[in-house]
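Secondary and tertiary structure notes
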Amino acid sequence: MLSLDLSTLKEAATAVALGLMMGLERERSGFERRQEGQGPTQNRRESDSAEIPGSLGARTFALLTLMGWISVKVGGDNLAMPIAVMAMSAVLIGLFYFETKSLDRGLTTEIAAVTAPLLGMLLTRDALLTVAVAVIITLLLLSKPWFRAWIPRLQREDMTGAIQLLIVFAILLPMLPARTLDPWGVLSPRKVGWMVALIASVDFLGYALNRVLGSRRGALMTG
């Protein structure tokens, strides 16, 4: 249950701050998206002070995270209220999307908004983890220009190499036995696998640096 003490106020303020962090990024992205369609500088300046229709901004995100936090604080061990809050948030965000959708608009803002109440709920369990997840989400939202610039430059070989390396680390290495099988009890298959995986990682890193920085600077950085 809610009680007026310093720790409770601190949690509530953290929930609002995390929502504002994500919402401000989305609101700024909305301004930039609208300015791309503006011609003269005069119109751009006027749009800076105008509210952007069809966007979820800082206040909405802050209220969503706060609502998720309150649902757990009030509901306690009963999951009925958090589930109801998530369902209501998802319905409202879905209705908002279908009312404002356009051909050049994705689902990124709406997906981020759905995670906002979950962050508020997670805050009651682990504050440090919640802050870390919120920062990761915000960085993903901020990375849109980088993805737009680099995705067209990706080749099939790049994706194939990255997936192969991921398979080695995520699937093959855990399957290798950790116990030693040689007569001297020195090397285990997993240690050998780690050695091979690290060599492959260095090789892939060198390839990626060559693609990004060029052969000369990439070779220097790899060395």
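Shown above is the structure to which this text applies.
The following refers to the structure shown. (Residues numbered from 1 in each chain as written. Predicted model: local features only at pLDDT ≥ 70, side-chain atom pairs only at ≥ 80, totals over all residues. Heavy atoms only, no water.)

A count of helical and extended segments in the protein chain gives ten helices and zero strands. Helices (α) and strands (β) of the protein chain occur, in sequence order from the N terminus, as α-α-α-α-α-α-α-α-α-α. Relative to its 223 residues, the protein chain shows a buried fraction of 28%. Nonlocal contacts in the protein chain, meaning residues at least 24 apart in sequence, comprise 62% of its contacts between residues at least 6 apart. Carbon and sulfur atoms make up 68% of the accessible area of the protein chain, which totals about 15000 Å². (Helix = DSSP H or I, 4+ residues; strand = E, 2+ residues; numbered from the N terminus. Buried < 20%, exposed > 50% of the residue type's maximum accessible area, 1.4 Å probe, protein only. Contact = heavy atoms within 4.5 Å. Areas by Shrake-Rupley, 256 points an atom, 1.4 Å probe, with all protein chains shown as cover.)

Tracing the sequence through the fold places Glu110 in helix H5 (residues 108-123). For Glu110, a relative accessible area of 4% translates into the label buried. If we ignore the near neighbours within four places in the chain, the residues touching Glu110 are Leu56, Ile93, Phe96, Tyr97 and Arg105.

Packing of helix H3 (residues 58-75) against H5 leaves a shortest axis separation of 6 Å and a crossing angle of 35°. Viewed along their axes, H3 and H5 form a crossing whose handedness is right-handed. Of the residues in H5, those touching H3 at Phe61, Leu64, Thr65, Gly68, Trp69, Ser71 and Val72 are Thr109, Ala112, Ala113, Ala116, Pro117, Gly120, Met121 and Leu123. When its residues are assigned to classes, the contact of H3 with H5 shows ten nonpolar, five polar and no charged. (Axes fitted to C-alpha atoms, helices over the stretch in contact; angles between N-to-C directions. Left-handed = near helix turned anticlockwise from the far one by under 90°. Nonpolar A, V, L, I, M, F, W, Y, C, P; charged D, E, K, R; others polar.)

For the rest of this paragraph, the subject is the nonpolar core. By size, the foremost hydrophobic cluster in this structure holds 13 residues, and its most contacted members are Met22, Phe61, Leu64, Ala113, Ala116, Leu119 and Ile137. Of all the elements in the fold, those that place two or more residues in this core are helix H1 (6-36), H3, H5 and helix H6 (127-142). Ranked by the residues each element gives to this core, the list is headed by H5, at four residues. (Core = buried A, V, L, I, M, F, W, Y, C linked by side-chain atoms within 4.5 Å.)

Running from N to C, H3 and helix H4 (residues 80-100) point in directions that differ by 160°, and their axes come no closer than 8 Å. In terms of axis orientation, H3 runs roughly antiparallel to H4. The crossing of H3 and H4 is right-handed. In this structure, H3 contributes Leu64, Met67, Gly68, Ser71, Val72, Val74 and Gly75 to the contact, and H4 contributes Met81, Pro82, Val85, Met88, Ser89 and Ile93. Grouping the amino acids of the contact of H3 with H4 by side-chain chemistry returns nine nonpolar, four polar and no charged. (Parallel < 35°, antiparallel > 145°, perpendicular 65-115°, else oblique.)

What follows covers the packing of aromatic side chains. Per the counting criterion, the structure on display carries four aromatic pairs. Both rings, one in Phe169 and one in Trp194, keep their centres 5.7 Å apart while their planes meet at 65°; by these two values the pair is edge-to-face. Taken together, the residues Phe169 in helix H8 (residues 156-175) and Trp194 in helix H9 (residues 189-213) connect sequence positions 25 residues apart. We classify Phe169 as partly exposed; its relative accessible area is 30%. Geometrically, the ring pair formed by Phe204 and Tyr207 is tilted, given 6.5 Å between the ring centres and 40° between the ring planes. Placement of the pair is Phe204 and Tyr207 together in helix H9, with a separation of three residues, close to one helical turn. By relative accessible area, Phe204 is classed as partly exposed at 26%. (Phe/Tyr/Trp six-rings, centres within 6.5 Å; stacked < 30°, edge-to-face > 60°.)

For the rest of this paragraph, the subject is H5. Between its first and last C-alpha, H5 extends 22 Å over 16 residues, near the 22 Å set by a 1.5 Å rise per residue. Thr109, Glu110, Ala112, Ala113, Ala116, Pro117, Leu119, Gly120, Met121 and Leu123 are the residues of H5 that are buried. (Expected span 1.5 Å × (residues − 1).)

Summed over all chains, the structure comprises two salt bridges. For Glu11, the salt bridge goes to Lys73, with nearest N and O atoms at 3.4 Å. Of this pair, Glu11 sits in helix H1 while Lys73 is found in helix H3, placing the two residues 62 residues apart along the sequence. A salt bridge links Arg26 to Glu25, with the shortest nitrogen-to-oxygen separation between them at 2.8 Å. Owing to a relative accessible area of 8%, Arg26 belongs among the buried residues under this scheme. (Salt bridge = Lys/Arg side-chain N within 4 Å of Asp/Glu carboxyl O.)

All right, on to H4 then. For H4, which comprises 21 residues, the first-to-last C-alpha distance of 30 Å matches the rise-based estimate of 30 Å (1.5 Å per residue) to within 8%. All of the buried residues along H4 are Pro82, Val85, Met86, Ser89, Ile93 and Tyr97. Within H4, the buried residues cover an arc of 95° as seen down the axis, which keeps them to one side. Turned more than 90 degrees away from the buried face of H4 sit Ile83, Leu92, Leu95, Phe98 and Glu99, all of them exposed. (Arc of directions from axis to C-beta.)

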